[in-house]
Amino acid sequence: MSEYELDAVDREILYALQEEARNLSSGEIAERTDASSSTVRKRIQRLESEGVIKGYSANIDYMKSGYPIRMLLFCTAPIPDRGDYIDNILDIPDVVSVQELVTGEENLLVTAVVKNDRDITPIAQDLSDMGLTITDEVLVRSHKSTSFDEFSAE
């Protein structure tokens, strides 16, 4: 698939959806973009079909929901195979994300959220059983993210 070429309206739609996808109507996004509501709806559908918008999800505070431990597990896999592990890693209970890294010895970054530190051991064992080497484990105190500002017209 080739790279989708974003214009200013697409970027502003993406920025608005990053900020508040759940509460913004296509009319409200249209006001930001100087486009019509129907244009915004069509653009969103096209961004979804092109794979630019991959889905919508809630930003969950795991600590407040009873999962106070967020652990990063840096793993090493054979370079030509590292991408092949991702779906299997995501099937491990308590794993919430996997990132494929392209520099350094560690080439997979696994994020898990658990209730207590004992819950990390089974995850680490599952990763090891897959043939991955865990090179580092990092306990995360807090995590915040923001909208990608390159999509904003401002």
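Here is a short report on the structure shown in this document. Quick caveat, the model's predicted, so the values are computed rather than measured.

1. Details of the sheet that holds strand 2 (residues 95-100)
Step number 1: An order of 2-3-1-4 is seen for the 4 strands of this open sheet, with the pairing classed as antiparallel. Either end of the sheet is taken by a strand with one partner, and the two such strands are strand 2 and strand 4 (133-140). Recorded for the sheet is a direction-independent mean angle of 20° between the axes of neighbouring strands.
Step number 2: Relative to strand 4, strand 1 (residues 69-76) runs antiparallel, the two being bridged by 7 bridges. Counterpart to Phe-74 in the pairing with strand 4 is Asp-136.

2. Description of the packing of helix 1 (residues 8-20) against helix 3 (residues 37-49)
Step number 1: Their axes nearest at 10 Å, the elements helix 1 and helix 3 cross at an angle of 85°. As far as their axial angle goes, helix 3 and helix 1 are roughly perpendicular. Mapping the contact onto sequence places Val-9, Asp-10, Ile-13, Leu-14 and Leu-17 in helix 1 and Val-40, Arg-43, Ile-44, Arg-46 and Leu-47 in helix 3.
Step number 2: Residues of the contact of helix 1 with helix 3, tallied by class, amount to 7 nonpolar, no polar and 3 charged.

3. Here we look at the layout of surface pockets
Space left empty within the atom packing is revealed by a probe, the size of a water molecule, rolled over the atoms.
Step number 1: Its volume calculated, the largest pocket comes out at about 1,600 Å³.
Step number 2: Along the wall of the largest pocket there are 34 residues; nearest its centre are Ser-57, Ala-58, Asn-59, His-143 and Ser-145.
Step number 3: Contributions of two or more residues to the lining of the largest pocket are made by helix 1, strand 1 and strand 2.
Step number 4: Counted by class, the lining of the largest pocket contains 17 nonpolar, 12 polar and 5 charged residues.

4. Digging into the nonpolar core
Step number 1: If you look at the biggest cluster of nonpolar residues, it comprises 19 residues, and the most contacted ones within it are Leu-73, Ile-89, Leu-108, Ile-123, Leu-127 and Leu-132.
Step number 2: Ile-123 has contacts with Leu-73, Ile-92, Pro-93, Asp-94, Val-95, Ala-112 and Val-114, leaving out every residue within four places of it along the chain.
Step number 3: Leu-14, Ala-16, Ala-30 and Leu-47 belong to the second largest nonpolar core, which has 16 residues in total.

5. Observations concerning unusual backbone geometry
Step number 1: Even without glycine at this site, Asp-34 takes up a positive phi of about 60°.
Step number 2: Here Asp-34 lies in the loop between helix 2 (26-33) and helix 3.
Step number 3: A positive phi angle, close to 80°, is found at Asp-94, a residue other than glycine.
Step number 4: Looking at where Asp-94 falls in the secondary structure, it is placed in the loop between helix 4 (86-90) and strand 2.

Procedures and definitions
Residues numbered from 1 in each chain as written. Predicted model: local features only at pLDDT ≥ 70, side-chain atom pairs only at ≥ 80, totals over all residues. Heavy atoms only, no water. Pairing = 2+ DSSP bridges. Helix = DSSP H or I, 4+ residues; strand = E, 2+ residues; numbered from the N terminus. Axes fitted to C-alpha atoms, helices over the stretch in contact; angles between N-to-C directions. Parallel < 35°, antiparallel > 145°, perpendicular 65-115°, else oblique. Contact = heavy atoms within 4.5 Å. Nonpolar A, V, L, I, M, F, W, Y, C, P; charged D, E, K, R; others polar. 1 Å grid on protein atoms, 1.4 Å probe; cavity = no way out; pocket = protein on both sides within 12 Å on 5 of 7 lines; lining within 4 Å. Points joined across faces, edges and corners; volume = space filled by probe spheres on them. Core = buried A, V, L, I, M, F, W, Y, C linked by side-chain atoms within 4.5 Å. Buried < 20%, exposed > 50% of the residue type's maximum accessible area, 1.4 Å probe, protein only.

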